[in-house]
Amino acid sequence: MISTSAPEDISIPVPWGHISGNVRGNPNGQRVLLVHGWTDNLGTFDLLIPLLSESYYLVCIDLPGHGQSSHFPTGVPYNQISYIASIRRVVRNYLKWTKFDYIGHSLGGAIGIMYSAIFPTEVERFILIDYIKMLSWSNEETYLNFGKYCKEFLALDRQRMGVHTMAFPLAKLQDLYVQVTGGDLSQEAAGILLKRGARQLNAGDNWTFTRDVAIRNPGLFRFTHTTTLSILENIRCEVLLIKATGSRLFEPKNICDATTRVYENNCKLYKYIEVPGNHFLPLSNPTAVAPHINRFLLSNRNV
């Protein structure tokens, strides 16, 4: 199992600042990138990592605008293209990896599965945790939603330029995190995420979230269902989808079924399993998730 000792922090230079992360495990081991979900941070994997094989070299990152990573400049949107480009900066510009495995929860999985399709020779094994693909729209929704999200993005820009930041006692911030997830996050899990997801404003118990308010507008740019599925047909890696029994589908069932068929027809190997828990599986039930990850990543490997 991975040592429980403190990870090594890394700061990856990018044109708008830095992408924060940490590394653990065997530097000469199997390379694995771990990417968290929307509004969260790399603390997502804190309970899971100690249960993983010591043969891995694990690199976790905070996505731009999340955790301890720099925010995009005001006026620059967060969307699937900018996230995919950020992953590219991490793995090729900084880590110099040409082959690696990928574990992604929620948005982190959606970004990674698109990356795997766009760069099909790089990702060897991919683990999607409770998400099937990047969200997409029907042709009819596209033009309507572009206008809607453009207006929302400009409104958030004005909010980002505001001088007033709301502050709360840390316990209240923790309660808010639990509430916005409908109780799926436990108090313990929210506390873990707030280690990187909260910052103190001044002396006293005055805290706010570190994440950029602009990440609340993830839909400024999305592909149509047809285009997304066409891109995903380029996937060649092995894929394991771990679905939480207590979580919902995030898109219509017919779109999820069509995505599954793409994986079955194009991936070197596609596996689907269900485990008990809610959407935040790495935090809510890591002991159920870890054995499946270890078996999948270590199968047919000399470790």
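In this report, the structure presented in the accompanying data block is examined. (Residues numbered from 1 in each chain as written. Predicted model: local features only at pLDDT ≥ 70, side-chain atom pairs only at ≥ 80, totals over all residues. Heavy atoms only, no water.)

1. Description of the nonpolar core
With 51 residues, the main nonpolar core has L33, I61 and I87 as its most contacted residues. Looking at this core element by element, the count peaks at 7 residues for helix 2 (residues 107-118). Once you skip the residues sitting within four places of it in the chain, L33 turns out to touch V59, I61, I87, V90, V91, W97, F100, D101, Y102 and I103. F45, L52, L281 and F296 belong to the second largest nonpolar core, which has 26 residues in total. (Core = buried A, V, L, I, M, F, W, Y, C linked by side-chain atoms within 4.5 Å. Buried < 20%, exposed > 50% of the residue type's maximum accessible area, 1.4 Å probe, protein only. Helix = DSSP H or I, 4+ residues; strand = E, 2+ residues; numbered from the N terminus. Contact = heavy atoms within 4.5 Å.)

2. Things to note about the pairing of strand 5 (residues 100-105)
Across a regular strand the side chains alternate sides, sitting on one face of the sheet and then on the other. Across the 6 residues that make up strand 5, a large majority, 6, are buried. Of the two faces of strand 5, the one lined by F100, Y102 and G104 and the one lined by D101, I103 and H105 are each fully buried. Two elements, strand 3 (residues 30-35) and strand 5, share 4 bridges in a ladder whose sense is parallel. Bridged to L33 within strand 5 is Y102. As paired elements, strand 5 and strand 6 (residues 123-129) share 5 bridges and run parallel to each other. What sits directly across from I103, in strand 6, is I127. The β-α-β motif built from strand 5, the intervening helix 2 and the parallel element strand 6 has right-handed crossover chirality. (Pairing = 2+ DSSP bridges. Right-handed = clockwise from strand over helix to strand, strands pointing away.)

3. Remarks on helix 6 (residues 225-232)
For helix 6, every residue scored as buried is listed here: H225, T228, L229, I231 and L232. What you see down the axis of helix 6 is that its buried residues fit within an arc of 160°, all on one side. (Arc of directions from axis to C-beta.)

4. Some thoughts on the layout of surface pockets
Reported here for the second largest pocket is a volume of approximately 260 Å³. As for the second largest pocket, its lining consists of 17 residues, of which I132, K243, L249, C256 and Y272 are closest to the centre. Mapped by element, the contributors of at least two residues to the lining of the second largest pocket are strand 9 (238-244), helix 7 (253-266) and strand 10 (269-275). It is helix 7 that provides the largest number of residues to the lining of the second largest pocket, a total of 4 residues. Split into classes, the residues belonging to the lining of the second largest pocket amount to 8 nonpolar, 1 polar and 8 charged. (1 Å grid on protein atoms, 1.4 Å probe; cavity = no way out; pocket = protein on both sides within 12 Å on 5 of 7 lines; lining within 4 Å. Points joined across faces, edges and corners; volume = space filled by probe spheres on them. Nonpolar A, V, L, I, M, F, W, Y, C, P; charged D, E, K, R; others polar.)

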